[in-house]
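The residues making up each chain are set out below.
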Amino acid sequence: MFTGIITDVGNIRSSEQRGDLRLVIDCAYDMDTVAIGASIACSGVCLTVVDKGEGWFAIDASAETVSRTPAGMWEAGTQLNLERALKVGDELGGHIVTGHVDGVGHIVGSETVGDSWKVTVSAPGSLAPYIAAKGSITVDGVSLTVNDIADQADGSAHFMLNIIPHTAQMTTLGTLSAGRQVNLEIDVLARYLKRMEDMRAR
């Protein structure tokens, strides 16, 4: 489990296909405090540390993981929002995040509002019913509050976020531009409500 509060921005040093995709990720974590088998969220994707060294760790991304995340996300040189798993007693500064991506959205637009940025994200129709104004959503692993939402004629939804300067500086969200794809995770409660609705529809 995670909170969506990013604690480092890592960089993919290498990406090698070995059946699964082996990634070596540079980071600022003290790897002496990270165990083999530990979970680290990488731009919203919960992955397992399979090797490590000073200033880096390695993970294996399955074909399922790659297929459910943006094209090009796992290439060498890509920056990733990193968060270590939540410990009992840690401050819950964001919201409960599982690290399981529900879908891929894309940036529709971004504009400056004061010192912050108003960012509009398009969510696919499969997720649209589970995103609500003033609710929580995870975008590339970052816990954010939905300011507003507008349903679209094709069933998708455009939701609006406010990115403050601190968030922009401490995550990869400071480089958002129109067309960029992002990982989306809906609030965990909404995920269970979705399952209940699907069961009723059978």
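The rules behind the values
- Residues numbered from 1 in each chain as written.
- Predicted model: local features only at pLDDT ≥ 70, side-chain atom pairs only at ≥ 80, totals over all residues.
- Heavy atoms only, no water.
- Helix = DSSP H or I, 4+ residues; strand = E, 2+ residues; numbered from the N terminus.
- Rg over C-alpha atoms; globule rule 2.2 N^0.38 Å.
- Buried < 20%, exposed > 50% of the residue type's maximum accessible area, 1.4 Å probe, protein only.
- Pairing = 2+ DSSP bridges.
- Axes fitted to C-alpha atoms, helices over the stretch in contact; angles between N-to-C directions.
- Core = buried A, V, L, I, M, F, W, Y, C linked by side-chain atoms within 4.5 Å.
- Contact = heavy atoms within 4.5 Å.
- Expected span 1.5 Å × (residues − 1).
- Polar contact = N/O pair within 3.5 Å; in protein donor to acceptor, adjacent residues only side chain to side chain.

A. Region of the structure containing the overall build of the chain. Regarding its fold elements, the chain presents three helices and 13 strands. For the chain, the C-alpha radius of gyration of 17 Å lies close to 17 Å, the compact-globule estimate for 202 residues. By its C-alpha atoms, the chain is 50 × 50 × 35 Å across when sized along the principal axes. Across the 202 residues that make up the chain, the buried fraction comes to 42%.

B. A look at the sheet that holds strand E5 (residues 56–61). Read around the closed barrel, the six strands follow the order E1-E2-E5-E4-E3-E6; overall the barrel is antiparallel. Along the sheet, successive strands turn relative to each other by an average axial angle of 45°, direction set aside. By the bridge criterion, six bridges tie strand E2 (residues 20–26) to E5 in an arrangement that is antiparallel. What sits directly across from Leu-21, in E5, is Ala-61.

C. Main features of the nonpolar core. Among the nonpolar cores identified, the biggest contains 23 residues, and Val-121, Ile-131, Val-139, Phe-159, Leu-161 and Leu-184 are the most heavily contacted of them. Where this core is concerned, the elements lending two or more residues are strand E8 (116–123), strand E9 (136–139), strand E10 (142–145), strand E12 (157–163) and strand E13 (181–186). Beyond its immediate chain neighbours, meaning those up to four positions away, Phe-159 contacts Val-119, Thr-120, Val-121, Ala-123, Ile-131, Ile-137, Val-139, Val-146, Asp-148, Ile-149 and Leu-184. Within the second largest apolar cluster, 21 residues are counted, among which are Tyr-29, Ile-40, Val-49 and Leu-80.

D. Structural view of the sheet that holds E12. With respect to topology, seven strands assemble into an open sheet ordered E10-E9-E13-E7-E8-E12-E11, the strand pairing being antiparallel. Since the sheet does not close on itself, it has two edges, and those belong to E10 and strand E11 (148–151), each with one partner. Going across the sheet, the axis of each strand differs from the next one's by a mean of 35°, ignoring polarity.

E. Structural view of the pairing of strand E6 (residues 79–84). Where strand E1 (residues 8–18) lies against E6, four bridges are found, and the strand directions are antiparallel. Across the sheet, the residue bridging to Asp-8 is Leu-82, located in E6. In the sheet, strand E3 (residues 39–42) pairs with E6 via three bridges, with the strands oriented antiparallel. Bridging from a neighbouring strand, Ala-41 pairs with Glu-83 of E6.

F. Region of interest: helix H3 (residues 188–200). Under the 1.5 Å per step criterion, the end-to-end length of H3 is 19 Å for 13 residues, consistent within 8% with the ideal 18 Å. Put simply, Asp-187 is the residue that caps the front of H3, since its side-chain oxygen is 3.1 Å from the backbone nitrogen of Leu-189.

G. A look at the side chain of Thr-69. Along the chain, the position of Thr-69 falls in the loop between helix H1 (63–67) and E6. In this structure the side chain of Thr-69 is engaged in a polar contact, spanning 2.9 Å, whose partner is the side chain of Trp-74. The residues contacting Thr-69, other than those within four sequence positions of it, are Val-45, Trp-74, Val-101, Val-104 and Asn-183.

Everything listed here is a matter of coordinates, which is why it stays silent on function.
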